[in-house]
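Structural features, examined
These are the residues of each chain, in order.
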Amino acid sequence: RLDSEDIQDAFKFEETDNITWSNINGLNNTPEIEIIGDHYNLHPLIQEDIVTTNQRPKIDEYEDYLFLVFKMLHYNEDGEFVNEHVSMVLGSDYVVTFQEADGDVFDGVRERLQNAKGRIRSAGADYLMFALLDAVVDNYFSVIETLSEKIEVLEDQLFDDNIKDDITQDIQELKKEILRIRRAILPLREVINRLEKIDSKLIDERTHNYIRDLYDHIIQVSESVDIYREMIWGLMDMYMTTISNKMNEVMKVLTIMASIFIPLTFMAGIYGMNFDYIPELQYKYGYFVLWGLMILVFLGMLYYFKRKKWL
Amino acid sequence: RLDSEDIQDAFKFEETDNITWSNINGLNNTPEIEIIGDHYNLHPLIQEDIVTTNQRPKIDEYEDYLFLVFKMLHYNEDGEFVNEHVSMVLGSDYVVTFQEADGDVFDGVRERLQNAKGRIRSAGADYLMFALLDAVVDNYFSVIETLSEKIEVLEDQLFDDNIKDDITQDIQELKKEILRIRRAILPLREVINRLEKIDSKLIDERTHNYIRDLYDHIIQVSESVDIYREMIWGLMDMYMTTISNKMNEVMKVLTIMASIFIPLTFMAGIYGMNFDYIPELQYKYGYFVLWGLMILVFLGMLYYFKRKKWL
Amino acid sequence: RLDSEDIQDAFKFEETDNITWSNINGLNNTPEIEIIGDHYNLHPLIQEDIVTTNQRPKIDEYEDYLFLVFKMLHYNEDGEFVNEHVSMVLGSDYVVTFQEADGDVFDGVRERLQNAKGRIRSAGADYLMFALLDAVVDNYFSVIETLSEKIEVLEDQLFDDNIKDDITQDIQELKKEILRIRRAILPLREVINRLEKIDSKLIDERTHNYIRDLYDHIIQVSESVDIYREMIWGLMDMYMTTISNKMNEVMKVLTIMASIFIPLTFMAGIYGMNFDYIPELQYKYGYFVLWGLMILVFLGMLYYFKRKKWL
Amino acid sequence: RLDSEDIQDAFKFEETDNITWSNINGLNNTPEIEIIGDHYNLHPLIQEDIVTTNQRPKIDEYEDYLFLVFKMLHYNEDGEFVNEHVSMVLGSDYVVTFQEADGDVFDGVRERLQNAKGRIRSAGADYLMFALLDAVVDNYFSVIETLSEKIEVLEDQLFDDNIKDDITQDIQELKKEILRIRRAILPLREVINRLEKIDSKLIDERTHNYIRDLYDHIIQVSESVDIYREMIWGLMDMYMTTISNKMNEVMKVLTIMASIFIPLTFMAGIYGMNFDYIPELQYKYGYFVLWGLMILVFLGMLYYFKRKKWL
Amino acid sequence: RLDSEDIQDAFKFEETDNITWSNINGLNNTPEIEIIGDHYNLHPLIQEDIVTTNQRPKIDEYEDYLFLVFKMLHYNEDGEFVNEHVSMVLGSDYVVTFQEADGDVFDGVRERLQNAKGRIRSAGADYLMFALLDAVVDNYFSVIETLSEKIEVLEDQLFDDNIKDDITQDIQELKKEILRIRRAILPLREVINRLEKIDSKLIDERTHNYIRDLYDHIIQVSESVDIYREMIWGLMDMYMTTISNKMNEVMKVLTIMASIFIPLTFMAGIYGMNFDYIPELQYKYGYFVLWGLMILVFLGMLYYFKRKKWL
């Protein structure tokens, strides 16, 4: 392994019999990308695709190499969803990857290479490509995992009483994230499907089994995405019912209070009138009889609301 | 039949002319799985697929055997939905199944084997594979049945008065279950479809008729799933209308109480005023006339609400 | 035509040159079904399909006969939706149909046969099969018709004032019905499509034109089903808006009553106070001036609500 | 051109070298349809399709002629949506059209024929067929136009204050219309697509370009239909939000009125009490101080609601 | 480059060895379009398509040229969405474009041509066609950008307090825009897809790579459109929840005010009664005790609402 700032070193390193994997971090360094492009004789359109970060995942077959574009997804330290553009060129004895930023998804592969563990060191460049793609797809699983946790957090919040007002915005945000995840995964699924079926001398027969397995994985990811998508869309409905339920509760309190006290207030109002002749007013226990009546009305109301299950 | 803890016994047993069915329970026992894998010469990727429990249903054709992955679904004693990972290898004269846990779905097949009943004992390994898959699909029907009962319970609860608050969570839960069921069934449908069309020396011509029948069954299951899916999605709308209907009822009670007693209270308030000169107060029957008026207003209101069908 | 309880009679009858149509009612009579199965040499899987009433519509081609499964739909006397399982075997000179119950859908065909009317008597067994399928599809039209009437009844009820509470259940019920109808019709569409394209010596070239026509009909039915499906799904939204409209009306009544009488009550309350010095109380016409003011407030409110179109 | 009540005249007219176009209005005149059917040797199924008005659009190829079914759509004078069944037979030197009623869609073609204008007179029967279909598709554009106006009218009504109650029924009606329009257009699209690809001696090579153009048009119509469909489905949501907005406004009026006057009424109630010793009552300016307090509360409330943007 | 009002000049200019690009602005100038049509020998249907502005995007292959129709989208100065019809004819050594209005989308290409920069001047007519289409698709990205900003503005408004009433109309308007954008983009996607696969002598092998790249771009645009579409549809739900949340808040204010003051008013009403014998009235500190009680009730209510998180 060679950690070098100078591309030319990498090329010298290449003279040996081994498979070379060059990983370029940062897409602003266009001169370096041009040097590599010239060295490996890459088509100008490829060089353009390497630096246009909103290029969707795809695979282009050229005579001497395969060109792949895909996305690394992760949540950064601020919990923001990040969509990193990665390109890969697979030649007969080299793999070049271009990363937008210094990601850590490939670290596992790097480690296995250094430890000379497993097939990865003995096998060809095509297996290295598989290993790198596999690392990316495995990473998707963990992204999906994070997403599923976010959904559960939101679901719990929906039933929490001190729910904040902008939960709809959180849901809308989640919708955007899942749509962007889908947008990274679905085309890659097609890419891997085509990779499985491709008839290229660059890809060994034995590697096809591994790519088929990779294809199984990406299908699984995309099925999970579809399920979480339905869940997120369902959140809005859940929220709506929660709001309505709360309004219902508010209305019940109002209705109970008003229905009990408005008639009682009316009764009190009756005997607050100043008519010259209101016989009840002169009864000795009139006041207490009225209290009794009021308590009766009160209890009747309570019973009524109890029976209606509003209390 | 041989109940053995030692895999080697099983292999000895195999020397005979019969078809061998080995069923391995528990996927943590990797050494055993490796022994079997070596014995039957299974590809390393298969050994990996056997133990990765979130592998989706699939079929892989190899030269000497077919490899199938599928899911057993059931509700455990706590009513939780369980998704059990099962793998199957079909060779010329053996079937090996790997189960995540000690399920009872295969019990029927086991019994028929012991009782030497039906085609199952005389036919080949391919028929045994069919019988096992058939048991799995039959089991799906009963899972769907349970699901349909759950839906009906929820539907009834929606119109129940003391509905609990978190019914939306139950519905969301049901959505997740049906999505997970679909996820187990849809790929298996493809697997069986491919099994029907496969041109392999491992599968006898006569067995194809049975697989076609199996395919009919799994399509039927997946159609039921789609129907229940629509039903579950409809539940949320039903719940929403129920909430709204209840709020409507609450509002009606409030409106009726307030509309009747607020004007009456106003009338009482009028004659509670202390103006020096309010002629009505001095009429002898003023109080009774007012009562009459109040009763008229009361009845008028009742009539109005009756005509509006609010009572 | 022969109405016999004894299957053997039917077989004797068959010795003649004619086309035989045997119709078996009731699927519990397994011995009879077995006799017929043996007589016509039917595959055991067919005999199983004949009696499993939840088998979906399908067509199976065998060397000497075609096997079809389809559904008869009708509403019974209680207005319940009934889904009847029917199987049909078409041989070179016979048609056997197995009905779950004693339906009357085939009566028209039976009559035309007895009256020796039209092509039906002179043509072969394949034309008889067409005539029976045609009767089934024609029956679908009438089922759809009934469904459309049910939808219209519900639509009218939605705007009716004394709407019953469980209309959402009626709608959910209708959803289930249409989903079950679709489930009967969609696979049959495929069956007929395949029947049109089948290259079998059992089906005469001239009959193909009739089957193509039948295919047109079933597509028409399934399009109607899709339209009614959208209508039914729309019912829930309609109901939701109706509820909301009603709540709106209730709220308006409350708001109008409260907004008019609460301020008036306040005004009366002012002059019910017992302050030693309230100058207005001593004015001679204070009471009448207040009445005037109250009427002004009342009219102002009325005008305000009128302008807001709430009255 | 020949306007005749007697079909036989039409046939004599045919003896000439020209292309004959016969247009039959009204499908109840079965004897005439039979005469034409016999004259042109039409299959009995075609004769049936001509008179079954709910037959969906289709194309049937026969040896000597093509048979097309399609729909003319228009709004009649009462603004009702009308779906007219039309059949067309294209032979080598004749076109026969069967219309359900006396429509005016073909008038333009008729006129161009009489004026001997454009290709239409010199070209063959296939071009005449194209011209007639083109007139029908052009007519679809105007139907769609009318529909789009209806949608706009409804959209405006939604925000109108004196909205009528049954606007949901209008929307449901519109849904039905658009579904029926789709049902006429989608199958015709397939018909024209097949017409473009058909390899028939009846259709000249040069006419294919025109049919391709026609196909473009019908795709355009069907895309418009899909857009208006989404618009109509959106209307219901719009209506729902309008209702909710209105209810919100109603609630605000109630809340403002009640929140302002209920506390004030309470304050008045306090000093309406008859306790022997209420010190405030004896203060000389007690009454005026209370008024001041009430006005303060009133203004405070107003300010509060102003800040909440409820006023 | 030649800026001429006279078409004939353009043709003279053509005599040279170069590739000619003629751009005609305004589709009302039919005589000029006819002159060009005759000069390049264009089919009459093409001339018709050039001027029918609602023609959907398409590609027609003729022997000597390709004919393309597409749409330029932009927002005009008033912020209105404009859909401009453009046609293009690609011959062996010429490109003719017909624009509805004087757009500026092609300006970049024009500039590069004048500056003789890049491939564009040396390459053939097919590359020029690519460059023009590329400019159009690039323009779509900026239209989408504008749309996405509009969505964000609406999202923010939803949570703004002084939201205007007709935001649903804005959303409906946005729906229409995105549907019209889709309608321009989706068929162009197919056009470019076909362009990529076309086997025409007009298109150089090397240009195919560029067209494939263009196809990637248009797929990207159409995926963005689908995402924004979901966002817009989500807006309505968000708005609905915002309305409901607001109503909830209104209801809470009402409920709190009413629940607190109605019981207090009742208490005051009690001691406003005129019974001859109400013992409490004669207690010396009766009035103050009552005040204490009222404050207790008041605080109790506040505590209750606080605990319910309504305050």
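Quick caveat, the model's predicted, so the values are computed rather than measured.

When chain E is brought onto chain D, the operation consists of a screw motion whose angular component is 72 degrees and whose axial shift is 0.1 Å, with 0.1 Å RMSD remaining. With respect to symmetry, the two chain copies, as superposed, fit the operation of a five-fold axis. Of every C-alpha in chain E, the one belonging to E:Gly272 sits nearest the axis of rotation, 4.7 Å from it.

This paragraph deals with the pairing of strand S5 (residues 94-99) of chain A. All names here are of chain A. Of all six residues in S5, six are buried, a share of seventy percent or more. With burial as the criterion, each face of S5 is covered, one bearing Tyr94, Val96 and Phe98 and the other bearing Val95, Thr97 and Gln99. Relative to S5, strand S1 (residues 20-25) runs parallel, the two being bridged by six bridges. From the neighbouring strand, tryptophan 21 faces S5, where its bridge partner is valine 95. Summarising the sheet, strand S4 (residues 81-90) and S5 pair through five bridges and their orientation is antiparallel. The partner of valine 86 across the bridge, within S5, is glutamine 99.

The backbone phi angle of C:Asn41 is positive, close to 65 degrees, even though this residue is not glycine. On the accessibility criterion, C:Asn41 (59% relative accessible area) is exposed.

To continue, consider the sheet that holds strand S2 (residues 58-61) of chain D. Residues and elements named next belong to chain D. Read from one edge of the open sheet, five strands run S1-S5-S4-S3-S2, paired in mixed fashion. One side of each edge strand has no neighbouring strand; the edge strands of this open sheet are strand S1 (20-25) and S2. Geometrically, the sheet is characterised by an average inter-axis angle of 20 degrees between neighbouring strands, direction not taken into account. Each of S1, strand S3 (66-75), strand S4 (81-90) and strand S5 (94-99) touches helix H6 (residues 125-158); the most contacted strand, S3, lies at about 30 degrees to it.

Moving on: helix H3 (residues 44-51) of chain E. Buried within H3(E) we find E:Leu45, E:Ile46, E:Gln47, E:Asp49 and E:Ile50. For H3(E), the elements touching its buried residues are helix H8 (205-270) of chain D together with helix H2 (30-40), strand S2 (58-61), strand S3 (66-75), strand S4 (81-90) and strand S5 (94-99) of chain E.

Let us now look at the nonpolar core. In this structure, A:Leu68, B:Leu68, C:Leu68, D:Leu68 and E:Leu68 are the most contacted members of the largest nonpolar core, which totals 475 residues. Excluding residues that lie within four positions of it along the chain, B:Leu68 makes contacts with B:Lys58, B:Ile59, B:Val86, B:Ser87, B:Met88, B:Met129, B:Leu133, B:Val191 and B:Leu195.

Glancing now at the interface of chain A and chain B. Counting residues at the interface gives 55 residues for chain A, matched by 58 residues for chain B. For the pairing of chain A and chain B, the buried interface totals around 5,000 Å² over both sides, and the portion due to carbon and sulfur atoms is 64%. Three residues, A:Gln220, A:Phe266 and A:Phe275, lead the burial of chain A against chain B; their summed loss comes to 13% of the area buried on that side. For the pair chain A and chain B, the interface holds eight salt bridges. The partner of B:Lys176 in a salt bridge is A:Glu155, and the shortest N-O contact between them spans 3.5 Å.

Right, let's talk about a negative patch on the surface for a bit. A contiguous patch of negative charge, built from A:Glu145, A:Glu149, A:Glu152, A:Asp156, A:Asp160 and B:Glu173, is present on the exposed surface. Top contributing element to the negative patch by residue count: helix H6 (residues 125-158) of chain A, with four residues. For A:Glu145, the location among the structural elements is in helix H6.

This next bit is on empty space enclosed by the protein. Under the criterion given, the structure shown has five cavities of 30 Å³ or more. If you add up the space inside the largest cavity, you get close to 50 Å³. Around the largest cavity, the lining residues are C:Asn209, C:Arg212, C:Asp213, C:Asp216, D:Leu45, D:Asp49, D:Lys58, D:Asp60 and D:Tyr62. Among the secondary structure elements, those contributing two or more residues to the lining of the largest cavity are helix H8 (205-270) of chain C together with helix H3 (44-51) and S2 of chain D. In terms of residues, the lining of the largest cavity owes the most to one element, H8(C), which gives four residues. Of the residues in the lining of the largest cavity, the class split is two nonpolar, one polar and six charged.

Turning to the interface of chain E and chain D, a few remarks are in order. Listed per partner, the contact involves 57 residues of chain E and 55 residues of chain D. For the pair chain E and chain D, the two sides together bury roughly 5,000 Å², of which 63% comes from carbon and sulfur. It is E:Arg56, E:Arg183 and E:Tyr287 in chain E that bury the most area against chain D; as a group they hold 14% of the surface buried on that side. The interface formed by chain E and chain D holds eight salt bridges in total. A salt bridge links D:Lys308 to E:Glu249; the nearest nitrogen and oxygen atoms lie 2.7 Å apart. Counting the contacts that link chain E with chain D gives 19 residue pairs in polar contact (both at pLDDT 80 or more). No other element matches helix H8 (residues 205-270) of chain E, which puts 21 residues into the side of chain E that touches chain D. Here the side of chain E that touches chain D is built from residues that sort into 29 nonpolar, twelve polar and 16 charged.

A separate point is the packing of aromatic side chains. A full pass over the atoms with the stated rule returns 85 aromatic pairs over all chains. Here the aromatic rings of A:Phe288 and E:Tyr277 are separated by 6.1 Å at their centres, their planes lie at 55 degrees, and the arrangement is tilted. In this pair, A:Phe288 is assigned in helix H10 (residues 286-307) and E:Tyr277 in the loop between H8 and helix H9 (279-282), connecting two distinct chains. Using a relative accessible area of 35% as the deciding quantity, one classes E:Tyr277 as partly exposed.

Quick look at the packing of H8(C) against H3(D) now. Between H8(C) and H3(D), the least distance of the axes is 10 Å, while the angle of their chain directions is 20 degrees. Here H8(C) lies roughly parallel to H3(D), going by the angle between them. At the point where H8(C) passes H3(D), the crossing takes the right-handed sense. The residues of H3(D) that touch H8(C), namely those facing C:Asn209, C:Tyr210 and C:Asp213, are D:Leu45, D:Glu48 and D:Asp49. Per-class residue counts for the contact of H8(C) with H3(D) are two nonpolar, one polar and three charged.

With 90% of its residues at a pLDDT of at least 70, chain A reaches an overall mean of 85. Across chain A, element-level confidence peaks in H10(A) with a mean pLDDT of 94 and bottoms out in helix H1 (residues 7-14) of chain A with 55.

Attention now goes to the arrangement of the chains. Left apart from each other, chain B and chain D have a closest C-alpha approach of 9 Å. With respect to C-alpha atoms, chain B approaches chain E no nearer than 9 Å, and the pair has no contact.

All names here are of chain E. Sheet architecture is open: five strands sit in the order S1-S5-S4-S3-S2, paired in mixed fashion. Two strands in the sheet have a free side with no partner beyond their single neighbour: strand S1 (20-25) and S2. Across the sheet, the mean angle separating the axes of adjacent strands is 20 degrees when strand polarity is ignored. Sitting on the sheet, H2 is in contact with S1 and S5, with an inclination near 155 degrees to S5. Here helix H7 (residues 167-197) sits on the sheet in contact with S2, S3 and S4, set at roughly 150 degrees to S3.

Looking now at the pattern of salt bridges. A complete count under the given rule lists 75 salt bridges over all chains for this structure. Here C:Asp216 and D:Lys58 are joined by a salt bridge, their closest N and O atoms 2.7 Å apart. Note that C:Asp216 is positioned in helix H8 and D:Lys58 in strand S2, a pairing that runs across two chains. There is no split in this pair, since C:Asp216 and D:Lys58 are both buried. When salt bridges that share partners are traced, they join A:Asp49, A:Lys58, A:Asp60, E:Arg212, E:Asp213 and E:Asp216 into one network.

In this section: the side chain of D:Gln172. Relative to the helices and strands, D:Gln172 is located in helix H7 (residues 167-197). For D:Gln172, a relative accessible area of 1% translates into the label buried. Not counting chain neighbours up to four residues away, the residues in contact with D:Gln172 comprise C:Glu155, C:Met231, C:Gly234, C:Leu235 and C:Met238.

Conventions we followed
Residues numbered from 1 in each chain as written. Chains lettered and ligands numbered in written order. Predicted model: local features only at pLDDT ≥ 70, side-chain atom pairs only at ≥ 80, totals over all residues. Heavy atoms only, no water. Least-squares fit on C-alpha atoms with pLDDT ≥ 70 in both. Buried < 20%, exposed > 50% of the residue type's maximum accessible area, 1.4 Å probe, protein only. Helix = DSSP H or I, 4+ residues; strand = E, 2+ residues; numbered from the N terminus. Pairing = 2+ DSSP bridges. Axes fitted to C-alpha atoms, helices over the stretch in contact; angles between N-to-C directions. Contact = heavy atoms within 4.5 Å. Core = buried A, V, L, I, M, F, W, Y, C linked by side-chain atoms within 4.5 Å. Buried area = accessible area lost by both parts, 1.4 Å probe. Salt bridge = Lys/Arg side-chain N within 4 Å of Asp/Glu carboxyl O. Patch = residues over 30% accessible without salt bridge, like charges linked within 9 Å, V, L, I, M, F, W, Y side chains within 5 Å. Areas by Shrake-Rupley, 256 points an atom, 1.4 Å probe, with all protein chains shown as cover. Lys, Arg positive; Asp, Glu negative; His and termini not counted. Charge placed at Lys NZ, Arg CZ, Asp CG, Glu CD. 1 Å grid on protein atoms, 1.4 Å probe; cavity = no way out; pocket = protein on both sides within 12 Å on 5 of 7 lines; lining within 4 Å. Points joined across faces, edges and corners; volume = space filled by probe spheres on them. Nonpolar A, V, L, I, M, F, W, Y, C, P; charged D, E, K, R; others polar. Polar contact = N/O pair within 3.5 Å; in protein donor to acceptor, adjacent residues only side chain to side chain. Phe/Tyr/Trp six-rings, centres within 6.5 Å; stacked < 30°, edge-to-face > 60°. Parallel < 35°, antiparallel > 145°, perpendicular 65-115°, else oblique. Left-handed = near helix turned anticlockwise from the far one by under 90°. pLDDT = per-residue confidence, 0-100.

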